[in-house]
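Read off the chains here:
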Amino acid sequence: MEAHAPGACNRSPNLPSISSGEPLSTETLASLRSLIINPSTPAVAISSLTETLTRSLQLSRDPHRTLKLLSDLAAQHPHLSGLVFDSVRSNSLLSTESTRVAAESLDLLASISERNRSLTPAIEEIDDRLFASLCFSPAPATRPWLIRNAGRFGVQPYLLSSMFLGFTKDPYPDVRRAALDGLVGLSESGVIDDGDMIRGCYFRAGELLNDMEDGVRAAAIRVVLAWGLTLMACDSEAKAYWSDEVFVKICSMVRDMSMEVRIEAFHALGKIGMVSQDILLQTLSKKVLVTTKEKKSLAQCSDEQLEVSGSSVAGAFMHGLEDEFHEVRKAACHSLGTLTILSSKFSGEALNLLMDVLNDDSMLVQLQAFETMHQMATFGHLKVQEKHIHMFLGTLVDRNTLTRSAARKILKLANLPNLKLFRSTIDTLLDNLEMCPQDEADILNVLFHIGQNHGKFVVRIIEEVSQQMEPVSNGKLGFDNVRVVALLVLAISAPLSQERNCSIPASIFSYAVTYLGRISHALSDIIHQDGLLNYLSQCSRSPGPYDIEFDFRLRGLPGSIAMPLPQKQGGTSEILSPTVKEPREAGTALVEHSLDVQVTKSINVVLEKVKDIWPFVQAGYTTEGLRTLRSCREELATLTSGSVASSATFAFTTQYIKIMKLLVKAWVYILPSRHIPSSGMGDLDFVLGKLDVRLSELKSTYIRLSKEEELHILELMLVTCMLKLSKVEICCHLGTLRKLSCTMAHAEYLLQDGTVEPSRFMIEVRNLSSEVGTSLNGSSCNPSLFRRALESFSLKQLVLCGGLKHIKAGLEIPDNDYGHPLRFVAGLPVGIPCHITLHNVLVESRIWLKMTVSGTDDTQFVYLDSTLFGGCDDCRIVDFTAPFYKTPKAFSFTVSVCICMEYLSEDVSFLKRCGPRHELTYLCREKEVFLSMVK
């Protein structure tokens, strides 16, 4: 290693000299950029480099490369931003004949002023005439950029509005679309208050609804909505007229040939907060109604125009809900939900259409239909009829978890008009509970709400089953335990109904104390366990009617506790009531639960350290972050004693730490250039692919995840999608955008009840999804938009609640190894004996045996019918001989065999004629099967 003289590190490197009239070459500019981004470059060299670039700015005929270097210089060295700002502004680049150079100069000045607020007044002093002259220059390529960025340069609003209106007639569609987007921004700013100008913007946008370009028509819809709402706000006397006018005009676009335009139209309809009931009803009927023909506030007053307006509105939502694209159907369903708030009659008619939507092919559309019905129920507009109830109750036994949950959410608010419908609903929920025991907490919660809303019906039901609920001779309840818990929850909710004379036998409340843990878990969002115990104890001592107050208290909120916590004795817990003692079996369950709680606490301490790595990763110190993850993994390994290592929580955390390691490696690629490693883009492809697979496995192979845990995983999946989209070299935009949309839809579904606040990153992704639109053409997406959204991501601590269950499988091939191969005849099928064990796999899951000839892509799938397995969901076993049909013409070969489960997501589809149709999750490691030809 060479020795350096003292002070050598402060010497300025040899910079190229600038001769008069000689601009810097491309090679020289490239070498200067390496000095700018290198944090080790001395300050003296940076100052000299700034002077060199300033001189080059004056000499170069095409200084856009120099401007780029000055932009990097201002970003990397903020203390020089003022000097760069003055240099660019004083070199008369803004008045150059090159529109491209002028636009780049404006962009540089605006970027510097956004980072350095003291320079904001200087950017606002830019002459409006200069900006207008640049917009009207002969170069159309930079015109859309100038129009979209007009707000950054302090141009007067009325000048902007005139320019935007003018550019809506530009021959280039990109310019027209940018001008329309600019008009939307002006409307949202509220700076235009001239009535003639407002009407001019509105009617000009109405003309562009007939433009030849899809993107222009979609932008015109946004302008019609924005300025239409402004007209409604400014003209209060004619508000009803303008609301109907805007609604009719946008309805004319719901049958447009472009999917993008139709989606935009339905989104706009849902934002109009005031519409006549006659017009709303017309959207549900394709036949023009008499009341609509007589409506004189539609559009204009001539008979011909009234007929056109009526035909525009007729059946608008029917067309939307029957559209061939699920994105349009989803948008129509969402818009329908916001409009049902306006009219109960309209809601009743719309419910007939929504019931058909529950059978839609797309899960996203189904979930949106449920959300629309939930909005109707929230505002008291959901009138469930007997003709609807059977179709609706059928969704309670759907195989999809989200569908069942959405249906039950509506039942919490539904008003069932008679005992027959109430009885059908309760029976279906009980069947749902037996078929899907993993939904127990949610079902019990729904039963509690239903009981509160229908107290008298509950009393009738309990009277019929009370004899069967009495304990038998051995002290156990007569029903199956799950059914008993459900009926007890239904019973204890009746006294809380607003209806009178809802007395329940006091013994029922004593029985409910026996199942206090399960009931309090299900009602955790309503009442604390201590308040519930107090309520049950008081009711068990009172013959009724009940003159008590239910101590509603959300978990974690401060408040007095009516009764002391149960005392633990000898590792078990006994909860006392006046008449009942907790069964001995419950004590064992509580011990196991206590052990799981202790394990979860220890693991959460490790996860807290995982969260602390993120400031280092964002600062570029990835080595320190990976070192911390290594220490977390080692600390986790110390907890492997006893049953801890076999717990699902431990396995979940181990996989989560591996995922964080992959995320750190992928994050390096969006850091500033000085942190990018020398590895190629192929490495990033590999890391992101592996990260995607691991996250899908984490999401699909663990059940009983809390809402916070599931949202944490979904946020990491969104980060992975954004990392892929932020790199133009990765050619998977179409599938990635589809997965981003589905993942965000799932997250929105979990966030819709408001109990969990979305992170800043999720809000950015939501806004970006709206900005990008519904286009799945990855080439039209700017990677910088996704990188900007990634900057808002900050890793939050994952806090595990415990109680997880791990979906996994065991596979054994008996009596087979290298020395004892299976025998086969080339070209004929061969049977492979498999001993399979499934853990925590639900009956409705689709399980496959995947068999691949080693060293080839020759793969065969065999479906494993759940009826073949014995046992329960916790552990099911079968001995199965799998037929392998593709035996090659070889003396010997090996087959890799593993067990897979379909991950029922809509973002990926293999579209195979036979075999799995969705993304696969692997439940075990591959086993090698050795085969040898019969001689």
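This text goes with the structure placed above it.
Residues numbered from 1 in each chain as written. Predicted model: local features only at pLDDT ≥ 70, side-chain atom pairs only at ≥ 80, totals over all residues. Heavy atoms only, no water.

Chemist: Account for the overall build of the chain, with residues named and values stated.
Modeler: A count of helices and strands for the chain gives 39 helices and 14 strands. For the chain, long-range pairs separated by at least 24 residues make up 71% of all intrachain contacts whose partners lie at least 6 apart in sequence. Total accessible area on the chain stands at roughly 44500 Å², and carbon and sulfur atoms take up 52% of it. (Helix = DSSP H or I, 4+ residues; strand = E, 2+ residues; numbered from the N terminus. Contact = heavy atoms within 4.5 Å. Areas by Shrake-Rupley, 256 points an atom, 1.4 Å probe, with all protein chains shown as cover.)

Chemist: Describe the environment of His806, listing the residues and the values that go with them.
Modeler: Mapped onto the elements, His806 comes out in strand E4 (residues 805-806). For the pair formed by His806 and Tyr702, sequence separation is 104 residues and the distance between their alpha carbons is 4.8 Å. At a separation of 3.5 Å, a polar atom in the side chain of His806 contacts the side chain of Tyr702. (Polar contact = N/O pair within 3.5 Å; in protein donor to acceptor, adjacent residues only side chain to side chain.)

Chemist: Help me get a handle on empty space enclosed by the protein, residues and values and all.
Modeler: Scanning the model with the defined rule gives two cavities of 30 Å³ or more in all. The volume enclosed by the largest cavity comes to roughly 50 Å³. The wall of the largest cavity is formed by Met355, Met373, Leu382, Val384, Ile389, Phe392, Ile410, Leu411, Ala414 and Leu416. Elements represented by at least two residues in the lining of the largest cavity include exactly helix H22 (386-394) and helix H23 (401-411). The residue makeup of the lining of the largest cavity, split by class, is 10 nonpolar, no polar and no charged. The calculated volume of the second largest cavity comes to roughly 30 Å³. Forming the walls of the second largest cavity are Leu367, Phe370, Glu371, His374, Ala406, Lys409, Ile410, Tyr749 and Gln752. (1 Å grid on protein atoms, 1.4 Å probe; cavity = no way out; pocket = protein on both sides within 12 Å on 5 of 7 lines; lining within 4 Å. Points joined across faces, edges and corners; volume = space filled by probe spheres on them. Nonpolar A, V, L, I, M, F, W, Y, C, P; charged D, E, K, R; others polar.)

Chemist: Provide a residue-level description of the packing of H23 against helix H24 (residues 419-435), including the pertinent values.
Modeler: Running from N to C, H23 and H24 point in directions that differ by 150°, and their axes come no closer than 13 Å. Of the two possible hands of crossing, H23 and H24 adopt the one that is left-handed. Between H23, through Arg404, Arg408 and Leu411, and H24, the contact on the second element is made entirely by Thr425, Leu429 and Asn432. (Axes fitted to C-alpha atoms, helices over the stretch in contact; angles between N-to-C directions. Left-handed = near helix turned anticlockwise from the far one by under 90°.)

Chemist: Lay out the sheet that holds strand E5 (residues 808-812) in plain terms, naming residues and giving numbers.
Modeler: Here four strands make up an open sheet; going across it, the order is E5-E7-E11-E10 and the pairing antiparallel. Of all the strands in the sheet, the pair left with one neighbour each is E5 and strand E10 (870-871). (Pairing = 2+ DSSP bridges.)

Chemist: Hey, could you go over a positive patch on the surface for me, with residue numbers and the actual values?
Modeler: Together, Arg627, Arg630, Arg633, Lys658, Lys661, Lys665, Lys690 and Arg925 make up a positively charged patch on the protein surface. Tracing the chain through its elements places Arg630 in helix H33 (residues 622-637). Its relative accessible area of 41% is what places Arg630 among the partly exposed residues. (Patch = residues over 30% accessible without salt bridge, like charges linked within 9 Å, V, L, I, M, F, W, Y side chains within 5 Å. Salt bridge = Lys/Arg side-chain N within 4 Å of Asp/Glu carboxyl O. Lys, Arg positive; Asp, Glu negative; His and termini not counted. Charge placed at Lys NZ, Arg CZ, Asp CG, Glu CD. Buried < 20%, exposed > 50% of the residue type's maximum accessible area, 1.4 Å probe, protein only.)

Chemist: Provide a residue-level description of the nonpolar core, including the pertinent values.
Modeler: The biggest cluster of nonpolar side chains holds 223 residues, and the ones touching the most others in it are Phe131, Ile250, Phe392, Phe422 and Trp667. The residues contacting Phe392, other than those within four sequence positions of it, are Met355, Leu358, Phe370, Met373, Ala407, Ile410 and Leu411. Among the nonpolar cores identified, the runner-up in size contains 38 residues, and Ala809, Ile836, Val841 and Leu920 belong to it. (Core = buried A, V, L, I, M, F, W, Y, C linked by side-chain atoms within 4.5 Å.)

Chemist: So what's going on with a nonpolar patch on the surface? Residues and values would help.
Modeler: Residues Val825, Leu828 and Val934 make up a contiguous nonpolar surface patch of about 250 Å² in total accessible area. Relative to the elements of secondary structure, Leu828 occurs in the loop between strand E6 (822-824) and strand E7 (830-839).

Chemist: An account of the packing of helix H14 (residues 259-269) against helix H19 (residues 326-339) is needed here, citing residue identities and associated values.
Modeler: Contact geometry of H14 with H19 gives a least axis separation of 8 Å together with a crossing angle of 10°. Comparing the axis directions of H14 and H19 gives the class roughly parallel. On H19, the residues that touch Met259, Arg262, Ile263, Phe266, His267 and Leu269 of H14 are Glu327, Val328, Ala331, Ala332, Ser335 and Leu339. Its residues assigned to classes, the contact of H14 with H19 shows eight nonpolar, two polar and two charged. (Parallel < 35°, antiparallel > 145°, perpendicular 65-115°, else oblique.)

Chemist: Can you lay out the packing of aromatic side chains for me, pointing to particular residues and giving the numbers?
Modeler: Evaluated as defined, the whole model comprises 18 aromatic pairs. Between the aromatic rings of Trp848 and Tyr863, the centroid separation amounts to 5.2 Å while the plane-to-plane angle is 65°, which identifies the pairing as edge-to-face. Residue Trp848 is located in strand E8 (residues 847-853), and its partner Tyr863 is located in strand E9 (residues 859-864); the two are separated by 15 residues in the primary sequence. An aromatic cluster of three or more residues is present, and its members are Tyr202, Phe203, Tyr241 and Trp242. (Phe/Tyr/Trp six-rings, centres within 6.5 Å; stacked < 30°, edge-to-face > 60°.)

Chemist: Would you mind going over H24 in detail, with residue names and values included?
Modeler: With 17 residues, H24 ought to run about 24 Å at 1.5 Å a step, and its terminal C-alpha atoms sit 24 Å apart, in line with that. Buried within H24 we find Leu419, Leu421, Phe422, Thr425, Ile426, Thr428, Leu429, Leu430, Asn432 and Leu433. One side-chain oxygen of the residue at the start of H24 lies 3.2 Å from the amide nitrogen of Lys420, identifying that residue as Asn418. (Expected span 1.5 Å × (residues − 1).)

Chemist: Mind laying out the pattern of salt bridges, listing which residues take part and the relevant values?
Modeler: Scanning the model with the defined rule gives 27 salt bridges in all. Taking the shortest distance from any N to any O, the salt bridge between Glu322 and Lys286 comes out at 3.4 Å. Taken together, the residues span a long stretch of sequence, with Glu322 in the loop between helix H18 (316-321) and H19 and Lys286 in the loop between helix H15 (277-282) and helix H16 (290-293) at a distance of 36 residues. On the basis of relative accessibility, which here comes to 52%, the residue Glu322 falls in the exposed class. Each of the salt bridges in this network shares a partner with another, and the network as a whole consists of Arg404, Arg408, Asp439 and Asp442.

Chemist: I'd like to hear about the side chain of Ser187, residue by residue, with values.
Modeler: For Ser187, the position within the fold is in helix H10 (residues 173-189). The buried category is assigned to Ser187, whose relative accessible area is 13%. Ser187 has contacts with Ala226, Trp227 and Thr230, leaving out every residue within four places of it along the chain.

Chemist: Tell me about the environment of Gly394, residues and numbers included.
Modeler: Mapped onto the secondary structure, Gly394 falls in helix H22. Remark: the alpha-carbon pair of Gly394 and Thr428, spanning 34 residues in sequence, is separated by 8.3 Å.

Chemist: Summarise the pairing of E7; cite the residues concerned and give the values.
Modeler: Here E5 pairs with E7 via five bridges, running antiparallel. Its bridge partner lying in E7, Lys808 is registered against His839. Sheet topology places E7 next to strand E11 (residues 876-884); nine bridges connect them, and they run antiparallel. Its bridge partner being in E11, Gly831 is matched across the sheet by Pro883.

Chemist: Summarise the environment of Leu208; cite the residues concerned and give the values.
Modeler: Relative to the helices and strands, Leu208 resides in the loop between helix H11 (195-207) and helix H12 (214-234). For the pair Leu208 and Ala220, spaced 12 residues apart in sequence, the C-alpha separation works out to 5.9 Å. Apart from residues no more than four positions distant in its own chain, Leu208 is found in contact with Thr168, Leu180, Arg217 and Ala220.

Chemist: Go over the side chain of His454 with me, naming the residues and quoting the values.
Modeler: Mapped onto the fold, His454 is located in the loop between helix H25 (440-453) and helix H26 (455-469). For His454, a relative accessible area of 3% corresponds to the buried category. Setting aside anything within four residues of it in sequence, one finds His454 in contact with Ala414, Asn415, Leu416, Phe422 and Glu499.

Chemist: Let's hear about H19: which residues, and what values?
Modeler: Given a rise of 1.5 Å per residue, 14 residues ought to cover 20 Å, and the 20 Å separating the end C-alpha atoms of H19 matches this to within 8%. Taken as a whole, H19 has its buried residues at Val328, Arg329, Ala331, Ala332, Cys333, Ser335, Leu336, Gly337 and Leu339. On the buried face of H19, the contacting elements are helix H13 (239-251), H14, H15, H18, helix H20 (344-357) and helix H21 (363-378).

Chemist: An account of the pairing of E9 is requested, with residue identities and associated values reported.
Modeler: With six bridges connecting them, E8 and E9 associate as antiparallel partners. Each residue of the ladder has a partner; that of Trp848, found in E9, is Tyr863.

Chemist: Describe the state of the cysteines, with residues and values.
Modeler: Under the counting rule described, the total for this entry stands at zero disulfides. In this structure Cys898 is a free cysteine whose sulfur lies 3.9 Å from that of Cys900, the closest cysteine sulfur available. According to the relative accessible area criterion, Cys898 is buried, its value standing at 0%. (Disulfide = S-S within 2.5 Å.)

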